[in-house]
Amino acid sequence: MNPDASADLKDLDATLGTIEKVVDLDELSARARELEAQAADPGLWDDPDHAQGVTSELSSVQAKLRKITALRARLTDVPVMYELADDEGDADAIELADEERRELREEIKALEVQTMLSGEYDQREAVVNIRSGAGGVDAADFAEMLMRMYIRWAEKSGYKVDVYDTSYAEEAGLKSATFVVHGEYTYGTLSVEQGTHRLVRISPFDNQGRRQTSFAAVEVLPVVEQTDSIDIPESELKVDVYRSSGPGGQSVNTTDSAVRLTHVPTGIVVTCQNEKSQHQNKASAMRVLQAKLLERKRLEERAEMDALKGDSDNSWGNQMRSYVLHPYQMVKDLRTNYEVNNPTAVLDGDLEGFLEAGIRWRMSEENA
């Protein structure tokens, strides 16, 4: 085995060892046994909400145990692969060992980042809201570019996306959009994307070809689960129904199936028009409204804790990334200083570097 491969394997062993300590495999195994015992109780489903919570947590714990155990076994096997390949002088076998080592590095790195997602809601699915900001038609176009970017990232990551609402601008692009990214830890992962995104480019909508700066806001919320105590009395809701519309205000539905919910005490407004029926749209809108109220509650609690700690800097999620297409090519995160010189790839969903840097940055800020 060459020295570089040996050093890399030593580094991977140390990283996986740290993950095993942070996760605490003994404690995780004990939790799995406890949940298995609860799942075997014949009376478990007398309380469906509790039963769903038990089975969901059991599935998650078992999957995490299997993942770490499998990675440790594979990492133990790689030196043996190199030893056999060296003994036989088999170049193809050495390449196979190199490929296995590269794959392990990516998987252990991804698990390391996921291990950092230990917040109360990090394991949940994500509701993403995008709104165009200053910049007119360019901002609306930018909002649509961001929506495509996140959907492409989700597709590449193997996550399903459900679009709840799209409000199109008159000339081009979106005024706003709401969609859900289904998958474990999508909230924790995408939550670092929350804030104001800035685009600098030659405007395709300007006859004089001038440079335009535009803005769009991204909001990321955890999907509300049945165990969350977010009750919304009907008396606090104003419900409006209307016809769904497509780009430029064109009607795409001949019935009043779109739903707008207004939470009167807070003034929060949620719309949903992409489901087939008014009932489905109202149910989807309620999920988004509950997510917004849950996030509001979480931020209020965080603000109280920050006040107790004397922490007045709560603005990390505001201005957070610049996408420059002219006069040079660059995407830069303003919090982590992570940057790449290929905006096309980023806008096509290549976000892993930014997400990892954001998660590491947030963890360092929380531990500061």
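Refer to the preceding data block for the structure.
Basis of the calculations
- Residues numbered from 1 in each chain as written.
- Predicted model: local features only at pLDDT ≥ 70, side-chain atom pairs only at ≥ 80, totals over all residues.
- Heavy atoms only, no water.
- Helix = DSSP H or I, 4+ residues; strand = E, 2+ residues; numbered from the N terminus.
- Buried < 20%, exposed > 50% of the residue type's maximum accessible area, 1.4 Å probe, protein only.
- Contact = heavy atoms within 4.5 Å.
- Areas by Shrake-Rupley, 256 points an atom, 1.4 Å probe, with all protein chains shown as cover.
- Lys, Arg positive; Asp, Glu negative; His and termini not counted.
- Charge placed at Lys NZ, Arg CZ, Asp CG, Glu CD.
- Core = buried A, V, L, I, M, F, W, Y, C linked by side-chain atoms within 4.5 Å.
- Pairing = 2+ DSSP bridges.
- Axes fitted to C-alpha atoms, helices over the stretch in contact; angles between N-to-C directions.
- Patch = residues over 30% accessible without salt bridge, like charges linked within 9 Å, V, L, I, M, F, W, Y side chains within 5 Å.
- Salt bridge = Lys/Arg side-chain N within 4 Å of Asp/Glu carboxyl O.
- Left-handed = near helix turned anticlockwise from the far one by under 90°.
- Phe/Tyr/Trp six-rings, centres within 6.5 Å; stacked < 30°, edge-to-face > 60°.
- Lys NZ or Arg CZ within 6 Å of the ring centre and 35° of its normal.

Got a minute to help me understand the overall build of the protein chain in this structure?
If you tally the helices and strands in the protein chain, you get nine helices and eleven strands. On the principal axes, the C-alpha backbone points of the protein chain span a range of 70 × 65 × 50 Å. Within the protein chain, the fraction of its 368 residues that count as buried is 41%. A separation of at least 24 residues holds for 64% of the contacts in the protein chain among residues at least 6 apart in sequence. As presented, the protein chain carries roughly 19,400 Å² of accessible surface, and 48% of it is formed by carbon and sulfur atoms. Here the protein chain contributes 41 positive and 68 negative side-chain charges, whose respective centroids are spaced 6 Å apart.

What should I look at first to understand the nonpolar core in this one?
In a soluble, globular protein the nonpolar side chains are often hidden away together inside. Residues Ile130, Leu146, Tyr150, Leu190 and Tyr323 are the most contacted members of the largest nonpolar core, which totals 58 residues. The contacts of Ile130, once residues within four sequence positions are left out, are Ala143, Leu146, Met147, Tyr150, Lys175, Ser176, Ala177, Phe179, Ala217 and Val218.

Can you help me understand the sheet that holds strand E10 (residues 330-333) in this one?
Strand pairing in a sheet is mediated by backbone hydrogen bonds. Such pairs are either parallel or antiparallel. One open sheet holds the eight strands; their spatial order is E2-E3-E1-E5-E4-E9-E10-E11, and the pairing between them is mixed. The open sheet has two free edges, formed respectively by strand E2 (160-168) and strand E11 (339-340), since each of these has just one partner strand. Relative to strand E3 (residues 174-182), E2 runs antiparallel, the two being bridged by eight bridges. Note that in E3 the partner of Lys160 across the bridge is His182. The strands that helix H5 (residues 136-157) touches are strand E1 (126-132), E2, E3, strand E4 (195-202), strand E5 (211-222) and strand E9 (319-324); relative to E5, the one it contacts most, it runs at about 45 degrees.

Got a minute to help me understand the sheet that holds strand E7 (residues 258-263) in this structure?
The antiparallel open sheet is built from three strands, whose spatial order is E6-E7-E8. Single-partner strands in this sheet number two, and they are strand E6 (237-242) and strand E8 (268-272). Across the sheet, the mean angle from the axis of one strand to that of its neighbour is 15 degrees, orientation sign disregarded. Alignment of E7 against E8, held across five bridges, turns out to be antiparallel.

Explanation requested: a negative patch on the surface in the structure shown.
On the surface, Asp41, Asp46, Asp47 and Asp49 cluster together to form a negatively charged patch. Relative to the helices and strands, Asp49 is located in helix H3 (residues 48-88). Relative accessible area serves as the criterion here: at 37%, Asp49 is assigned to the partly exposed category.

Looking at this model, I keep getting lost on the pattern of salt bridges. Mind explaining?
Pairing between side chains becomes possible if they bear opposite charge and their charged atoms approach one another. The final tally for this structure, using the stated rule, is 32 salt bridges. Among the ionic pairs, Arg72 bridges to Asp13, the shortest N-O distance being 2.6 Å. A residue pair is termed long-range when its members are at least 10 positions apart, and Arg72 in helix H3 and Asp13 in helix H1 (residues 3-23) qualify at 59 residues. The class for Asp13 is partly exposed, based on a relative accessible area of 38%. With a shortest N-O distance of 2.8 Å, Asp206 and Arg210 are connected by a salt bridge. Where salt bridges share partners, they join Lys67, Arg74, Glu100, Glu103 and Glu107 into one cluster.

Mind showing me how you'd approach the packing of helix H2 (residues 25-39) against H3 here?
Angle between the axes and distance between the axes are the two parameters that describe a pair of packed helices. For the pair H2 and H3, the least separation of the axes is 9 Å and the interaxial angle reads 145 degrees. Crossing geometry of H2 relative to H3 is assigned as left-handed. Seen from H2, the contacting residues are Leu25, Leu28, Ser29, Arg31, Ala32, Leu35, Glu36, Gln38 and Ala39; seen from H3, they are His50, Val54, Glu57, Leu58, Val61, Gln62, Lys64, Leu65 and Ile68.

How should I be thinking about the packing of aromatic side chains in this particular structure?
How two aromatic rings sit relative to each other is given by the distance of their centres and the angle of their planes. Inspection of every chain in the model, using the stated rule, returns three aromatic pairs. Ring centres 5.6 Å apart and planes at 50 degrees place the aromatic pair Trp153 and Tyr159 in the tilted group. What makes Tyr159 partly exposed here is its relative accessible area of 26%. Relative to Phe354, the ring of Tyr338 lies with its centre 4.9 Å away and its plane at 85 degrees, an arrangement referred to as edge-to-face. One end of the pair, Tyr338, is in the loop between E10 and E11; the other, Phe354, is in helix H9 (residues 352-367), and 16 residues separate them in sequence. In this structure Tyr338 comes out as partly exposed when scored by relative accessible area, which is 31%. If you follow Arg335 out to its NZ or CZ, it ends over the ring of Trp361, 5.5 Å from the centre.

Explanation requested: the side chain of Ser214 in the structure shown.
Residue position: Ser214 is located in strand E5. You can call Ser214 buried: its relative accessible area is 1%. Beyond its immediate chain neighbours, meaning those up to four positions away, Ser214 contacts Ala134, Gly135, Asp138, Ala139, Phe142, His197, Arg198 and Leu199.

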